[in-house]
Structure formats: C-alpha cells, structure tokens
Amino acid sequence: MLDGKKTLFSGMQATGNITLGNYMGALKNWITLDEEYQCFYCVVDLHSITVRQDPAELRKRARTLLTLYIAAGLDPVKNCIYYQSHVSGHAELSWILNCFTYMGELNRMTQFKDKSAKHADNINAGLFTYPVLMAADILLFQSDVVPVGVDQKQHLEITRDIAERFNSIYGDVFTIPEPYIGKVGAKIMSLQDPTKKMSKSDENINASIYLMDDPDTIIRKFKRAVTDSDNQILYNDEKPGIKNLIDIYSVSTNKTIDEVVKEFDGVGYGDFKLAVGESVVSVLKPIQDKFAQLTKDKDYIDGIIKDNAEKANYFATKTLRKVQKKVGFPERVR
Ligand code: TYM
C-alpha cells in the first residue's frame, strides 16, 4: 500500500525478443489495472546481466521493451513505467535482503537450476541471488499484487518468505505480496514442442511468436505448429499442442475455452491453425502500429523515462530509508 492505494508491481527482462507468452501471461493482464492500483512496471535490466549481454543491444532492447509497454496499452501517466537501473534502491534493498535469505532457499529455485545448466560457463553469483533482487523489486514498492505467468510463482513464494522473515524480526515493514496469475494464458507453450513453455531464449525461432513478428510470419509459424494426428479439437492434456492453440485463441478473442471448442467442432487442424494465427495478428498488429508511431517521438519517450524514474525513486526511497533504519544504519545528516 502506497499513499492510500493498493500497489501493484511487475517487470520483464529486456533480454531477447518479447514473446506472445510474455504478452498473454503478463503484459495483457496489466492493461486494465491502473484504476484499482498504483502500478509500477519495470524493465528489469539489472536482472538481464546475470547472463552475458552485448551492451548496445541490451540498451536497445530495454528501450524497445519500455516502448512496447506503452504500445500495448499502458498509460505512462497512470502507470509508472521505468528502468530498474535508474532506481538505485533496487540494488540497495537487494543487498540488505541477501542477508536475510538462505543459500538453501536459493538452491531450490528451478530457474537457477535451468539457467545454470544453460550457461554452464557463467554460473555467476548474480544468477544465484537473482530471486533476491526480484524480491527487492517487489518489496521496495510495498506491492500488494504481482501479476506474472506461472513460471514466476516460485520467485513470488520466496519473496513472501523473505518479507515475512524480515517482518518477524523488525515489525511490519513490508507488505506481503500476492501473485496474480491469469486463468488462461499463464503458461503459453512452445509451438514446436508444446510440453515446453514458449521462451524468448528458444533457439528455434519457429517455437515462439515474437510481438514484432509480421502477419505472414505469424500465420506461417501457426501453420507449422506441432500438434497431433487425430484431427479433433479437444481441450485436454493428451493433446498439448491443440490445448495450447485453444488457450491462445481464447486469450486473443476473449472467448471461453468451452466457446472455442464448440466453435471449432468438426473443423480440421489446418483451418483451426489459420484462425488462431489470424486472431493473434489482430491482437498484435495494433500494438506494432502504435510502437512504430511511438518510436518516432524520441522526446516523448525520453520524457516518460525521466518523469517515471523520479516517481519510482521517490516511492523506493521511502521504503529504503525505513528498512535502513530498522537494520541499524546511521541516519543521514541533512
Ligand atoms: P520474464 O522476463 O522471463 O517474463 C516476463 C513475464 O512473462 C511471463 N511469461 C510467460 N507467461 C505465459 N507463458 C509463457 N510462455 C511465459 N513466458 C514468460 C513471466 O511469468 C513474467 O510474468 N524474473 C522475471 C522478471 C522480474 C519480475 C520482477 C517480475 C524481475 N523482477 C518482479 C515480477 C515482479 C522474469 O524473468 O520474467
């Protein structure tokens, strides 16, 4: 809770190209929440360097992501959209929380296990303490709610554990955050292997739909999507490819799963895949058009970056000073 309004925080990494999974599992759900909550949406560039990045590329991707937040429908006046690296409180709180997090807890994180297997030549300490920085992001803004996809659930749980541990020592310092996970779309799967989640870092570009893919590419990728051979459009775990496509169509069209299954009763896979592709094009095309328009206005985006970093810093500093006092750091002399 900040200034009498419930607070919401979420973020995305600026690594790789944003996928339809990121959109359907997170970004799409963010759009309508600013009436009810004070919203903070961060481009988490500090997290990105846990994996080696090309500096120029990272900077470019970060700006693209921030612009995409706006293009997807976030009003940058009602929502605080900013870069994590512009608010030093993230790193400062993260250090403090590191001292309240156990190695055993971090060892259990599945994302750490996955990423260290993928980047065996660079298992750095930042990769290990990644969830603590994420906890700092969330707790810095006294967040009540954190809208994320299913894959971030474990990180939300450790955030709650760290906050509860800190509160049990120092009193009610942090709000304990709740995850907000959408009913459909919280785990969009790869189009080439529907048992795996769709991921920015997938080497097979046909496995993911990127937010910037043009209509022809989108349709082509859906046509090639791996399904099964029985040609029946049913929603169950034995048919993960079709289930995923039904989920995607349901999110794109705002229809329920039952409605979608009824709509495609007796329809062949070829026509169904085309319909899913077209529904996704109709969602992404307006975002791409808006993005193209926004990128032309450098001053406008720069203004948002500056104003929102100031706003985020203001709220972050409030929590940080409180925490610093609680743990016993000397007060600042003015
Ligand atoms: P990231 O950048 O991997 O993903 C951003 C958001 O997209 C969701 N997501 C998906 N949802 C559905 N289906 C998929 N295939 C899919 N892939 C990704 C993620 O769940 C996430 O919500 N650690 C975070 C970033 C982060 C953060 C935070 C999030 C840093 N600090 C604080 C919330 C609050 C991450 O790497 O997300």
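This is a predicted model, so every value here is computed, not measured.

Caption draft 1: A look at the domain arrangement of the protein chain. Segmenting the protein chain into domains produces domain 1 (6–181 + 298–327) and domain 2 (215–293). For domain 1 and domain 2, the distance between their C-alpha centroids amounts to 31 Å. Taken over both partners, the interface formed by domain 1 and domain 2 buries close to 850 Å², and the fraction arising from carbon and sulfur atoms is 85%. Of all residues in domain 1, Leu20, Met24 and Ala71 bury the most surface against domain 2, accounting for 52% of the area lost on that side. Run the count over domain 1 and domain 2 and you get one residue pair in polar contact (both at pLDDT 80 or more). Of all the elements in the fold, those that place two or more residues in the side of domain 1 that touches domain 2 are helix 1 (20–30) and helix 3 (55–71). Taken together, the residues of the side of domain 1 that touches domain 2 break down into six nonpolar, two polar and one charged.

Caption draft 2: Spatial organisation of empty space enclosed by the protein. A complete count under the given rule lists two cavities of 30 Å³ or more for this structure. In this structure, the largest cavity occupies an estimated 40 Å³ of space. Taken together, the elements giving at least two residues each to the lining of the largest cavity come down to helix 6 (110–118) and helix 7 (125–140). Here the lining of the largest cavity is composed, by residue class, of four nonpolar, two polar and one charged. Taken as a whole, the second largest cavity spans an internal volume of roughly 30 Å³. Grouping the constituent residues of the lining of the second largest cavity by class yields five nonpolar, three polar and no charged.

Criteria and cut-off values
- Residues numbered from 1 in each chain as written.
- Predicted model: local features only at pLDDT ≥ 70, side-chain atom pairs only at ≥ 80, totals over all residues.
- Heavy atoms only, no water.
- Domains from an automatic or database assignment.
- Buried area = accessible area lost by both parts, 1.4 Å probe.
- Polar contact = N/O pair within 3.5 Å; in protein donor to acceptor, adjacent residues only side chain to side chain.
- Helix = DSSP H or I, 4+ residues; strand = E, 2+ residues; numbered from the N terminus.
- Nonpolar A, V, L, I, M, F, W, Y, C, P; charged D, E, K, R; others polar.
- 1 Å grid on protein atoms, 1.4 Å probe; cavity = no way out; pocket = protein on both sides within 12 Å on 5 of 7 lines; lining within 4 Å.
- Points joined across faces, edges and corners; volume = space filled by probe spheres on them.

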